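# Observations on the three-dimensional arrangement
The chain contents come next:
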Amino acid sequence: MVDYHAANNQYAAGGPPTYMEQENDWDRDLLLDPAWEKQQRKTFTAWCNSHLRKAGTQIENIEEDFRDGLKLMLLLEVISGERLPKPERGKMRVHKINNVNKALDFIASKGVKLVSIGAEEIVDGNAKMTLGMIWTIILRFAIQDISVEETSAKEGLLLWCQRKTAPYKNVNVQNFHISWKDGLAFNALIHRHRPELIDYDKLRKDDAVTNLNNAFEVAEKYLDIPKMLDAEDIVNTARPDEKAIMTYVSSFYHAFSGAQKAETAANRICKVLAVNQENEHLMEDYEKLASDLLEWIRRTIPWLENRAPEKTMAEMQQKLEDFRDYRRVHKPPKVQEKCQLEINFNTLQTKLRLSNRPAFMPSEGRMVSDINGAWHTLEGAEKGYEEWLLNEIRRLERLDHLAEKFRQKAAIHESWTDGKEAMLTQKDYETASLSEVKALLRKHEAFESDLAAHQDRVEQIAAIAQELNELDYYDSPSVNARCQNICDQWDTLGALTQSRRESLERTEKQLESIDELYLEYAKRAAPFNNWMEGAMEDLQDMFIVHNIEEIQGLITAHEQFKSTLPDANKEREAIQAIQAEVQKIAQYNGIKLSGTNPYTTITPQSIDNKWEQAQQLVPQRDQALQEELSKQQSNDHLRRKFATQANIVGPWIQTKMEEIGRISIEMNGTLEDQLTNLREYEQSIIEYKPNIDQLEGDHQLIQEALIFDNKYTAYTMEHLRVGWEQLLTTIARTINEIENQILTRDAKGISQEQLHEYRASFNHFDKDHSGALMAEEFKACLISLGYDVENDKQGDAEFARIMGIVDPNNSGAVTFQAFIDFMSRETTDTDTADQVIASFKILAGDKNFITAEELRRELPPDQAEYCIARMAPYSGPDGIPGALDYMSFSTALYGESDL
C-alpha cells in the first residue's frame, strides 16, 4: 500500500504538495467489508473507464484487466498527459511484471512512495492491492491538486462541497460518507452550477434512492460524469465507502471547476470587449460630429468671403439682415456643438487612459486643433464680412447722395443752358441801331459774366461724375453720358460766345451809344441773380452727417448765411433803384422805352421772385437741420444706452473669467462639492443671458440707425459676444475637468485625500497658475514626491519615460488631468494584454489558437462576431483550417500592435 507518512515528509522537504493527513494510513481492514469493496470496485472501475474511453478502451474487471500492465500504463498516460516507457507486448509473466513495474515507477516519480504494493501482486490479480493502487492514483491525479482557501486534497474538496451546498435546506456536508446517503448533496452540487438540470424544490429527504438516481443520471447525461455507484449500494450501507464517495465527488469538482474557469475567462473577455466597443462607438460619434462641424464651416466660409457688391441700398440691407440671422440663429448651435465636441474628446481620452488603451488619434484634419483652426478662420472671415458689409452700406449711401446731387446740379445747369445756343447764333445786330448794338454788346458782356459764373457748376458736375466712377456707381454709364453732353454743350457755348463777341465788336465801331444805367443794372443784376441761384441751390442741397458735431457745424454755417441776408437785401434794393432811375429819366426826358433792358434778361420782377423763393427756403432749411439735429440726438442717446450696459457687461465677463481661473486651481471640498458649485456657478452665468440679449437688441437698434462709432465705450458687440462665448466654453471645460477627475478617482480607487494631495503638489509648483506644469516644474514636483529623476543619466532616462506618458504629444506642458492619470497608474492595477491572452487560452483549451466555433460557444453573439471579424488567421505550425490568432488580437486591444 501507499506510505503516506513518507510521502508527506518528502513533500515537506521541498517536493510536491502533501496529501491528506487523515489518509496517512491505509486502512486495510476496511477493504475486507464486502459492501465497501463492492462500492470501491464500481466507483474505481467507472473512474478508470471515464479516462480510458478517451483512448478508445475500457475495463470490465478491475483486478483482471490491469494484470498485464498495458491498460494500467495507458490509464496513467491519459490522466497525466505524459508518455510512459514503451510497454512489452509479450504474454509471459515476466513481460506483465515489467509493464506493471513501469507503471509503479511512474507513480513513484510523481512523489508517491508505494508501500506493500508490488508488481507481482497486481499481476496475480490481488483485488485488495489493485484497489489500493487505483486509490493512490485517484489521490495523486484527481484529489491532490484540489485547493480551496489554502487547504488542499480532502480538506479542500470538503470545503468546496460545503461552500457550494450551504444555501440548500436539508444539506449539511461534514464528511464523505453519511452526509451523502440521502442524495440531496449530489443534487445540490448539480443545481448550484446547472440549475436548469434539476428541480431541487421537488426532492424529498426521505426518498434517498430517487434522489441518488436522479443526480447520477443527470450527471451522466449532461455533465459527462459516468455512473460510479448504484443508489442501493449507498442506501443499504450504514456508512458508505469514503473513498468511493470522494472519487465520485472529485469528478463533480473537476467538471464544474473547468466550466467556472471558462466562465471567468469569458467574463474577462466580455468586459474588455465591451470597453473596446464603447470606446469605438465614442470615436465614431466624435468623427461624425467633427466631420459635420468642419463641413458646416467649409460651406459657411465661402459665403462670408463673398464680396460681390450689390447695386442698391435695399439689397445690401438684405445682406446685412441675412448676416444678423446667421449670427442669431445658425451660429449659436454650432458654438455649442464645438464645445460639446471638445468635452466628448476629453472624456473619451480619459476613458481610454483608465482602461489602459492607447490615446485616440482622430482622422487627419479632424483633430481638436484642426477644428479650432477652422473655427478661427471662420471668425476671421465673419469679422471681415461684417466690416465689408458696413463699408459697402456707407459706400452706397455716399453714392446715392452723390447721384442725387449730380442730378440736381445737372438739371439746374441744363435749365440754364436751354436756348442759349439759339440766342448766341441769332443775327439781330445786323439790323439794329447803334444804341441797340451797344445794348447787344453790353448784354453779351453780361452773358459772358454769367457764363463765367456757371463755370464752377460745370466743374462740380464733372467732379461728382468722376467720384461716382471711382466709387463704382452702378449707373455710371448714364451719368457719364449726361456729363459728356453737358461738357460738349459747354464747349459749344464757349465757342459761340466768342464768335458773337467778335461780331458785336465789329459792329460797335459803327455804333456809339450806350445806356449807362441799363449797363450798370445788367452788370449788378447778373452776379446778384447768380448769387441768389447759388443760395437757393445751397438751401436745397442734401446733406449727410454722422454725429451731433457735424449737424451743429451745418447749423452754424446756415446761421452765418442768414446773417448775410440784410446786406443782400440792400444790394437788391440798389439794383431795383437803378431800374427806377431809368424810368424816372425816361419819363423826365420823354423817352419812349422799348419795354425791356437791352443788356440783360434779368428783370426786377425775376429778382424779386427769386428773392421771395430764397426767403421761403430759409425756414425750410431751418426745419430740415433741426430734424437732423433731433435724429443725431436720438442716435447719441442710443450710443449712451449701449455704452452704459456694455461698460457693465464687459467687466462682469472679465471678472467671471478670472473667478473661474481661481476655482480651477483651488481645492474647496470634495470633487462632488466642487462639481456642484461649478454647476451652480454655470447656472448663475446662464441666468445672466438676458443682459446679453438686451445688449444685442440695443446693438441692432444702433445698426439699424446706421451708427458706426461710439465714443462712450471701448467695448464693441463683437468683443462682448466673443467674451460671452469664451466664458460659457471655459466653465463647461472646467466642469468637464472635474468630471474626468471623479471618473479617474472612481475607476482607480483614489481617495479624496490623495486627490487633495495631488492637487496641492501640482498647485505648489504651478507658479504662474496656468493650470499646467512646464517640464522643469514637473520634474521638481516628481522629486518632491520621491521619484529619482535627478540630473544624471539614469534620472534623465526615467524622466523622459514619464514625460512620454504624461505628454505624448510633446507639447512641453503637463495638465493636472495627465498628472493624476499618471499618479493613479503608478498606484493601481489595470487589465493587461497578457491577462486577456491567458483568458483566451483557457477558452481555447490551452491551444495557441482559437476557432470561430469556440468563440460562439463561450461568448455572447455580438462579441463573438466582433472577435471573429477582427482576429487574423493563425499561421503557426500547429494551426488548423479556420484557426484564429487571439494573441495578436489581444495585444492590438492595448495598442501594442495593429488591429
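Only a predicted model underlies this, so the values are computations on that prediction, with no experimental measurement involved.

Basis of the calculations
- Residues numbered from 1 in each chain as written.
- Predicted model: local features only at pLDDT ≥ 70, side-chain atom pairs only at ≥ 80, totals over all residues.
- Heavy atoms only, no water.
- Helix = DSSP H or I, 4+ residues; strand = E, 2+ residues; numbered from the N terminus.
- Buried < 20%, exposed > 50% of the residue type's maximum accessible area, 1.4 Å probe, protein only.
- Contact = heavy atoms within 4.5 Å.
- Areas by Shrake-Rupley, 256 points an atom, 1.4 Å probe, with all protein chains shown as cover.
- 1 Å grid on protein atoms, 1.4 Å probe; cavity = no way out; pocket = protein on both sides within 12 Å on 5 of 7 lines; lining within 4 Å.
- Points joined across faces, edges and corners; volume = space filled by probe spheres on them.
- Nonpolar A, V, L, I, M, F, W, Y, C, P; charged D, E, K, R; others polar.
- Core = buried A, V, L, I, M, F, W, Y, C linked by side-chain atoms within 4.5 Å.
- Expected span 1.5 Å × (residues − 1).
- Bend = angle between axes of the 7 residues up to and from the residue.
- Phe/Tyr/Trp six-rings, centres within 6.5 Å; stacked < 30°, edge-to-face > 60°.
- Lys NZ or Arg CZ within 6 Å of the ring centre and 35° of its normal.
- pLDDT = per-residue confidence, 0-100.
- Axes fitted to C-alpha atoms, helices over the stretch in contact; angles between N-to-C directions.
- Parallel < 35°, antiparallel > 145°, perpendicular 65-115°, else oblique.
- Left-handed = near helix turned anticlockwise from the far one by under 90°.
- Polar contact = N/O pair within 3.5 Å; in protein donor to acceptor, adjacent residues only side chain to side chain.

For the chain, the count of helices and strands is 32 helices and six strands. With 899 residues in all, the chain has 45% of them scored as buried. Across the chain, contacts joining residues at least 24 apart in sequence account for 74% of those joining residues at least 6 apart. In the structure as shown, the chain presents an accessible area of about 44600 Å², 50% of it carried by carbon and sulfur atoms.

A few words now on the layout of surface pockets. Put simply, the largest pocket is a space of about 1700 Å³. If you trace the largest pocket, you find 48 residues lining it, with Asn 346, Arg 353, Thr 815, Gln 817 and Ala 818 closest to the centre. Here the residues of the lining of the largest pocket are counted per class, giving 19 nonpolar, 20 polar and nine charged. Considered as a void within the structure, the second largest pocket measures approximately 810 Å³ in volume. Forming the boundary of the second largest pocket are 32 residues, of which Pro 332, Lys 689, Trp 724, Glu 725 and Leu 728 lie nearest the centre.

Attention shifts here to the nonpolar core. As a rule of thumb, nonpolar side chains are buried together in soluble globular proteins. Core analysis: the largest hydrophobic core is formed by 76 residues, its most contacted members being Ile 137, Trp 180, Phe 186, Ile 190 and Phe 252. For this core, the element with the most residues is helix α7 (residues 127–143), which contributes eleven residues. Not counting chain neighbours up to four residues away, the residues in contact with Phe 186 comprise Trp 180, Leu 212, Ala 215, Phe 216, Ile 245, Tyr 248, Val 249 and Phe 252. Ranked by size, the runner-up nonpolar core spans 47 residues in total, among them Phe 642, Trp 652, Ile 692 and Leu 720.

With 42 residues, helix α13 (residues 313–354) extends 60 Å from end C-alpha to end C-alpha; this agrees with the ideal 62 Å at 1.5 Å per step. Taking the largest bend as the criterion, α13 deviates by roughly 45°, centred on Lys 331, and proline Pro 332 comes between one and four positions later. Where α13 ends, the next residue or the one after it, Asn 356, has phi of about 65°, a positive value.

What follows is about the packing of aromatic side chains. A ring pair, where both rings are aromatic, is described by two values, the distance of the centres and the angle of the planes. A complete count under the given rule lists 31 aromatic pairs for this structure. A connected cluster of aromatic rings, assembled from ring pairs, spans Phe 176, Trp 180, Phe 186, Phe 216, Tyr 248, Phe 252 and Phe 256. One Lys or Arg, Lys 420, reaches over the ring of Trp 416 and ends 4.8 Å from the middle of that ring. Residue placement shows Lys 779 over the ring face of Phe 799; its charged tip is 4.9 Å from the ring centre.

Moving on, we get to empty space enclosed by the protein. If you roll a probe as big as a water molecule over the atoms, it shows you where there is empty space left. A full pass over the atoms with the stated rule returns five cavities of 30 Å³ or more. There is about 50 Å³ of room inside the second largest cavity. Around the second largest cavity, the lining residues are Met 423, Gln 426, Leu 440, Lys 443, His 444, Phe 447 and Arg 500. For the lining of the second largest cavity, the element with the most residues is helix α16 (residues 434–470), which contributes four residues. Within the lining of the second largest cavity, the residues separate by chemical class into three nonpolar, two polar and two charged.

For the chain, per-residue confidence averages 81 on the pLDDT scale, and residues scoring 70 or more make up 90% of the total. Confidence over residues 1–32 falls short of pLDDT 50; this stretch has 75 contacts with residues more than four positions distant or in other chains. Across residues 510–514, where pLDDT falls below 50, the model places 16 contacts with residues more than four positions away in sequence or in other chains.

The description of two helices packed together rests on the angle between their axes and the distance between the axes. The contact between helix α8 (residues 153–165) and helix α9 (residues 184–193) brings their axes to 9 Å, and the two run at 70°. The orientation of α8 with respect to α9, classified from their angle, is roughly perpendicular. Of the two elements, α8 crosses α9, and the hand of that crossing is left-handed. In this structure, α8 uses Trp 160, Cys 161, Arg 163, Lys 164 and Thr 165 to contact α9, whose residues at the interface are Ala 185, Ala 188, Leu 189, Arg 192 and His 193.

Turning our eyes to something else, we now look at unusual backbone geometry. Located in the positive-phi region is Asn 356, a residue other than glycine, with phi close to 65°. One can find Asn 356 in the loop between α13 and α14 (368–417). One non-glycine residue, Asp 846, adopts positive backbone phi at about 70°. Along the chain, the position of Asp 846 falls in the loop between α29 (833–843) and α30 (852–858).

Tracing the backbone shows Lys 420 in helix α15 (residues 420–425). With a relative accessible area of 16%, Lys 420 lands in the buried category. Along the sequence, Lys 420 and Leu 493 sit 73 residues apart, while their C-alpha atoms lie 7.4 Å from each other. With near-sequence residues (within four places) excluded, Lys 420 lies in contact with Phe 447 and Leu 493. In this structure the side chain of Lys 420 is engaged in a polar contact, spanning 2.5 Å, whose partner is the backbone oxygen of Trp 416.

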